[in-house]
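An overview of the molecular structure
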Amino acid sequence: LEVQRGASIALLGHNGAGKSTLFLLLSGLLEGWSGELLLEGQLVPSKERSLLRRRIALVLQNSNYQLFTPSVEDELSFGLKNMGLEGEALHLRLEELLTEYQLLDLRHKAPHELSEGQKKWVALASVLATDPEIIILDEPTAALDALYTERVLELLDRLHERGKTVIVSTHDMDLGYQFADRVLLLAKG
């Protein structure tokens, strides 16, 4: 499998086909793979998967597994702090993100108190806060109402227009057709 920079890809496959596992491997969150994984032509050894995490962001299907801080504001700050932002620079970037993603009213809310759509939106915003080159989304519209489905789809389009590489897994054929330049089918791993 080769993914070009700036691609928008829909990954299809039955439950259990290996879509989520592939995403965990690509994002460097799963240890011990066989075969070769190259990023911009450079071999990434399994033991150096942290190289992937610096450039590739994964949004999990179930936001409850991704959100872990006491507030929306803390979720957005987490990645920024890991990038070394602090003080005024951190504050300015946080305010920018809260405004951009329309989260000002939710900034002090605990993620577990949010609706499924709000949780997904916060998970997306927190991942995008670090400006990754490649964004991988596992079933990004699963369990979302029409409002948040539309917001997520519009965001995916904006990311693609900005030249980001975006890969989504989905069972929604309309989403795949509407969003992707390329559709991949994964079967039996």
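Below you will find a few notes about this structure. No experiment lies behind these values; they were computed from the predicted model shown. (Residues numbered from 1 in each chain as written. Predicted model: local features only at pLDDT ≥ 70, side-chain atom pairs only at ≥ 80, totals over all residues. Heavy atoms only, no water.)

Things to note about empty space enclosed by the protein
Under the criterion given, the structure shown has one cavity of 30 Å³ or more. As a volume, the largest cavity reaches approximately 40 Å³. In this structure, the largest cavity is lined by L1, V3, I9, L11, L22, F23, L26, I167 and L184. Counting residues per element, the ones that place at least two in the lining of the largest cavity are strand 1 (8–12) and helix 1 (19–26). If you tally residues by element for the lining of the largest cavity, the top one is helix 1, at three residues. Taken together, the residues of the lining of the largest cavity sort by class into nine nonpolar, no polar and no charged. (1 Å grid on protein atoms, 1.4 Å probe; cavity = no way out; pocket = protein on both sides within 12 Å on 5 of 7 lines; lining within 4 Å. Points joined across faces, edges and corners; volume = space filled by probe spheres on them. Helix = DSSP H or I, 4+ residues; strand = E, 2+ residues; numbered from the N terminus. Nonpolar A, V, L, I, M, F, W, Y, C, P; charged D, E, K, R; others polar.)

Here we look at helix 6 (residues 146–161)
Taking 1.5 Å of rise per residue, 16 residues should cover 22 Å, and helix 6 covers 23 Å from first to last C-alpha, within 8% of that figure. By the N-cap criterion, in which a side-chain oxygen at the helix start approaches the backbone nitrogen of a residue two or three places on, helix 6 is capped by D145, the distance to L147 being 3.3 Å. Looking at the residues trailing helix 6, positive phi occurs at G163, about 90°. (Expected span 1.5 Å × (residues − 1). Polar contact = N/O pair within 3.5 Å; in protein donor to acceptor, adjacent residues only side chain to side chain.)

Overview of the pattern of salt bridges
Once the charged atoms of two side chains with opposite charge are near each other, the side chains can pair. Tallied over the entire structure, the rule returns 10 salt bridges. One salt bridge connects R5 with E40, and the closest N-O pair in it is separated by 1.9 Å. Taken together, the residues span a long stretch of sequence, with R5 in the segment before strand 1 and E40 in the loop between strand 2 (38–39) and strand 3 (42–43) at a distance of 35 residues. Residues E73 and R107 are paired through a salt bridge, measuring 2.7 Å at the closest nitrogen-oxygen approach. Linking E73 in helix 3 (residues 72–82) with R107 in the loop between helix 4 (87–100) and helix 5 (116–128), this pair joins segments that are 34 residues apart in sequence. Each member of the pair, E73 together with R107, is buried. (Salt bridge = Lys/Arg side-chain N within 4 Å of Asp/Glu carboxyl O. Buried < 20%, exposed > 50% of the residue type's maximum accessible area, 1.4 Å probe, protein only.)

A word on the side chain of S126
With respect to the helices, strands and loops of the structure, S126 is situated in helix 5. With relative accessibility at 11%, the residue S126 sits in the buried group. One polar contact links the side chain of S126 to the main-chain carbonyl oxygen of A123, over a distance of 2.9 Å. Setting aside residues up to four positions removed in sequence, S126 forms contacts with E75 and L76. (Contact = heavy atoms within 4.5 Å.)

Thoughts on the pairing of strand 4 (residues 56–59)
Where burial is concerned, the two faces of strand 4 agree: the one with I56 and L58 and the one with A57 and V59 are both buried. Here four bridges tie strand 4 to strand 5 (residues 134–138), and the two strands are oriented parallel to one another. Along strand 5, the bridge assignment pairs L58 with I136. (Pairing = 2+ DSSP bridges.)

Concerning the nonpolar core
Residues Y101, L103, W121, L137 and L156 are the most contacted members of the largest nonpolar core, which totals 37 residues. When contributions to this core are tallied by element, the ones reaching two or more residues are strand 4, helix 3, helix 4, helix 5, strand 5, helix 6, strand 6 (165–169) and helix 7 (173–179). With seven residues, helix 5 is the largest single contributor of residues to this core. Discounting chain neighbours no more than four positions away, the residues touching L156 are L137, V166, V168 and F179. If you look at the next biggest cluster of nonpolar residues, it comprises 16 residues, including F23, L37, L52 and I167. (Core = buried A, V, L, I, M, F, W, Y, C linked by side-chain atoms within 4.5 Å.)

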